[in-house]
Amino acid sequence: MKIERVELRQLHLPLKAAYETSFERFTMRDCILVSVIEDGAAGYAESVAFTNPYYNEETTGTVWPMLEKYLIPQVLGRELEHPGEISTLFAPIRRNYMAISSLEGAVWDLYCKQKGISLSSALGGTRKEIDVGVGIGIEPSISKVLSNVEKFLADGYKKIKIKIMPGFDVEVLAAIRDQFGYGFKLMADANSAYTLKHIPLLRELDAFELLMIEQPLAHDDIVDHATLQQELRTPICLDESIHTVEDARKAIELGSCRMINIKIGRVGGLTPSIQIHNLCEQNGIPVWCGGMFELGVGRAHNIAMASMSNFTVPGDTTTSSRHFAEDIIEPSVEFIRPGTLAVPTGPGIGYEVNFNTVDKYTVRKASFGKGPHWN
């Protein structure tokens, strides 16, 4: 495989409804679509960085120049036997995992298409379908949260995730359990909104029999989470703290968590995602696939990854229609039955990119290597 051309497009897609976390309120998805091309075949992936550096340090504004100046020049015209070589190639680069992941994922897709195999099978996936959950953002009222829970339970989602922060936690979770009972998987996602000073408050969450509390403490912490986990019956899940397989190893050895959320972009691509998956499986730590408001291409990558054996917790890869009025792939991602998605078996990601829709939402584009260059 020798990459002849790489194309970048920055897209702005409005969300159907605003979504609020402890760190930001989202009304639009700003992302970069990456295409890698050889002999007329193309592989696709997305950067999942946000517009602002609140989830982590990367943004769409940093990913673009990283791709243009440092990453794309290293793959153009280079012979690659396997996509796993990308991680080694970019090893000297510090962080910038979302930028690296967007290029690596596109190479994986192209590789699979050239081999005539699905991305799921190339990753070692074992499932033909996956169960998925849904996240509910911070709302102006508890009654709005309850209305959303009712709707998503009726839609068949297998897990309900509630965003929490100090002042919007115990009361809202209590209201959910009071109204809907304990017969479904419920979790809380704190996005680093708490400290060890909140231990008495976080202990109160044990009463709600949550599947997990995701990333309650600092975004870069592993040590204090070990202290907190000893104080809670509820499993802690780490998200923002886990960037590498070494981070995962340290967290497991310290007892900082009992679950790990794997996001392809956060850890630098599919190859390190496989490594983290395998490490967690060897240590009895369940994993699940987190969501970043991906468009259809990113969702397709998530579905393939979530088909692997240790993804035993329903992830956040919802249908296309959950956040967007229209998606950039055909067909759109939809349930085969309530709360369940099929794992594509066609070559690569198993979906076609609809460039009519892509063009509609493109705000910037560029081409590198052989072939036409956009102005």
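If you're wondering where the values come from, they're calculated on a predicted model, not measured in any experiment.

Visitor: Where do I start with the overall build of the protein chain in this structure?
Guide: When you go through the protein chain residue by residue, the secondary structure sums to 13 helices and 15 strands. Whereas a compact globule of 375 residues would reach a radius of gyration of roughly 21 Å, the protein chain reaches 20 Å, a difference of no more than 12%. Principal axes of the C-alpha set define a box for the protein chain whose edges measure 60 × 40 × 35 Å. Expressed as a percentage of the 375 residues in the protein chain, the buried residues total 60%. A sequence separation of at least 24 residues applies to 73% of the contacts in the protein chain between residues at least 6 apart. Put simply, the protein chain shows about 14,600 Å² of open surface, and 50% of that area lies on carbon and sulfur atoms. For the protein chain, the separation between the mean place of its 37 positive charges and that of its 47 negative charges on side chains is 1 Å.

Visitor: Help me understand the pairing of strand β6 (residues 159-163) in this model?
Guide: The side chains of a regular strand alternate, residue by residue, between the two faces of the sheet. Summarising burial for β6: five of the five residues are buried, a large majority. Alternating positions in β6 separate into two faces, Lys159, Lys161 and Lys163 on one and Ile160 and Ile162 on the other, with burial throughout. Here strand β5 (residues 134-136) runs beside β6; their pairing, made up of three bridges, is parallel. When the bridges of β6 are listed, valine 134 appears paired with isoleucine 160.

Visitor: Help me understand the pairing of strand β3 (residues 41-47) in this model?
Guide: Among the seven residues in β3, six count as buried, and that is most of the element. In this sheet, β3 lies alongside strand β2 (residues 25-38) in antiparallel orientation, the contact comprising seven bridges. Bridge assignment links serine 35 to a residue of β3, and that residue is tyrosine 44. Taking the residues between adjacent antiparallel strands as the criterion, β2 and β3 are bridged by two residues, where aspartate 39 takes a positive phi near 50°.

Visitor: How do you make sense of the packing of aromatic side chains when you look at a structure like this?
Guide: To describe a pair of aromatic rings, one takes the distance between the centres and the angle between the planes. Counted by the stated rule, this structure contains nine aromatic pairs. Ring geometry for phenylalanine 26 versus phenylalanine 50: centroids 4.7 Å apart, planes at 45°, classification tilted. Separated by 24 residues along the polypeptide, phenylalanine 26 in strand β2 and phenylalanine 50 in the loop between β3 and α1 (60-75) bring together distant segments of the chain. Each ring, one from phenylalanine 152 and one from tyrosine 157, has its centre 5.6 Å from the other, and the planes form 85°; the classification is edge-to-face. We note that phenylalanine 152, like tyrosine 157, is buried. A cation over a ring is seen here: arginine 177 above phenylalanine 184, with NZ or CZ 5.0 Å from the ring centre.

Visitor: What is the right way to read helix α6 (residues 170-180) from this model?
Guide: An α-helical turn contains 3.6 residues, so any two residues separated by three or four positions project in the same direction. Among the residues making up α6, those that are buried are Val170, Val172, Leu173, Ala174, Ala175, Ile176 and Arg177. Looking at the buried side of α6, the elements it contacts are α5 (142-155), β6, β7 (185-189) and α7 (199-204). Backbone geometry just downstream of α6 places glycine 181 in the positive-phi region, at approximately 80°.

Visitor: Is there a simple way to think about the pattern of salt bridges in this case?
Guide: Working definition: two side chains of opposite charge can pair if their charged atoms are close together. Counting across every chain of the model gives 18 salt bridges. Residue glutamate 7 pairs with arginine 5 through a salt bridge whose shortest N-O separation is 2.9 Å. Accessibility expressed as a relative area gives 11% for glutamate 7, which makes it buried. Taking relative accessible area as the criterion, arginine 5 reaches 16% and is therefore assigned buried.

Visitor: Help me out: how do you make sense of the sheet that holds strand β9 (residues 236-238) in this one?
Guide: In a beta sheet, neighbouring strands pair by backbone hydrogen bonds and run either parallel or antiparallel. Strand order in the open sheet formed by seven strands is β5-β6-β7-β8-β9-β10-β11, with parallel pairing between adjacent strands. With one partner strand each, in any of the chains shown, β5 and β11 (287-289) form the two edges of the open sheet.

Visitor: Looking at this structure, I do not really get the packing of α5 against α6. What am I missing?
Guide: Geometrically, a packed helix pair is captured by the angle between its two axes and the distance between the axes. Packing of α5 against α6 brings their axes to within 10 Å, and their N-to-C directions diverge by 45°. One way to sum up the angle between α5 and α6 is to call them oblique. The way α5 lies across α6 gives a crossing that is right-handed. For the pair formed by α5 and α6, the contact residues are Ile142, Val145, Leu146, Val149, Glu150 and Leu153 on the first element and Glu171, Val172, Ala175, Ile176, Gln179 and Phe180 on the second.

Visitor: Before we go on, may I ask you to explain the environment of valine 149 in this structure?
Guide: By the element assignment, valine 149 lies in helix α5. For the pair valine 149 and lysine 161, spaced twelve residues apart in sequence, the C-alpha to C-alpha distance is 9.3 Å. Sequence-distant contacts of valine 149, defined by excluding residues within four places in its chain, comprise Ile136, Ile160, Ile162, Ile176 and Phe180.

Visitor: Would you explain the environment of methionine 28 in this entry?
Guide: Tracing the sequence through the fold places methionine 28 in strand β2. For the pair methionine 28 and leucine 13, spaced 15 residues apart in sequence, the C-alpha to C-alpha distance is 5.6 Å.

Visitor: Which parts of the structure should I look at to understand the sheet that holds β2?
Guide: The antiparallel open sheet is built from four strands, whose spatial order is β3-β2-β1-β15. Each of the sheet's edge strands pairs with one partner strand only, and the pair in question is β3 and β15 (362-369). Pairwise comparison of adjacent strand axes, ignoring direction, gives a mean angle of 25° for this sheet. Across the face of the sheet, helix α3 (residues 97-115) comes into contact with β1 (5-20), β2 and β3 while running at roughly 150° to β3.

Cut-offs applied
- Throughout, a residue's number is its position along its own chain's written sequence, starting from 1.
- With pLDDT at 70 or above as the cut-off, local features in this predicted model cover only qualifying residues; side-chain atom pairs require 80 or more to be listed or tallied, and sums for whole chains, interfaces and linings still use all residues.
- The basis for every side-chain value is the complete set of non-hydrogen atoms in the structure, without hydrogens or water.
- Secondary structure follows DSSP: runs of H or I at least 4 residues long count as helices, runs of E at least 2 residues long count as strands, and numbering of each begins at the N terminus.
- Atoms counted for the radius of gyration: C-alpha only. Globule rule: 2.2 Å times residue count to the power 0.38.
- Between buried and exposed lies partly exposed: a residue is buried under 20% and exposed over 50% of the maximum accessible area for its type, with that area taken using a 1.4 Å probe on protein chains only.
- In what follows, a contact means two residues having at least one pair of non-hydrogen atoms within 4.5 Å.
- The protein chains shown are the only cover counted for residues, whose accessible areas, like all others here, come from Shrake-Rupley with a 1.4 Å probe.
- Positive charges are assigned to Lys and Arg, negative charges to Asp and Glu, while His and the chain termini are left out of the count.
- Positions of charges follow a simple convention, taking NZ of Lys, CZ of Arg, CG of Asp or CD of Glu.
- Whether two strands pair comes down to DSSP finding at least two bridges between them.
- Two rings belonging to Phe, Tyr or Trp (six-membered ring only in the last case) form a pair when the distance between their centres is within 6.5 Å. Interplanar angles under 30 degrees mark stacking, angles over 60 mark edge-to-face geometry, and anything in between is tilted.
- Note on criteria: charge over ring means Lys NZ or Arg CZ within 6 Å of the ring centre, with the direction from the centre no more than 35 degrees off the ring normal.
- A pairing counts as a salt bridge when a side-chain nitrogen of Lys or Arg comes within 4 Å of a carboxyl oxygen of Asp or Glu.
- Structural elements are reduced to axes, namely lines fitted to C-alpha atoms, with helices fitted over the stretch in contact, and the angle between N-to-C directions of any two is expressed from 0 to 180 degrees.
- Here roughly perpendicular refers to angles of 65 to 115 degrees, roughly parallel to angles under 35, roughly antiparallel to angles over 145, and oblique to all remaining angles.
- Handedness of a crossing follows from how the near helix is turned relative to the far one, being left-handed for an anticlockwise turn of less than a right angle and right-handed for a clockwise one.

Spatial relationships are all this shows, so hold off on functional conclusions.
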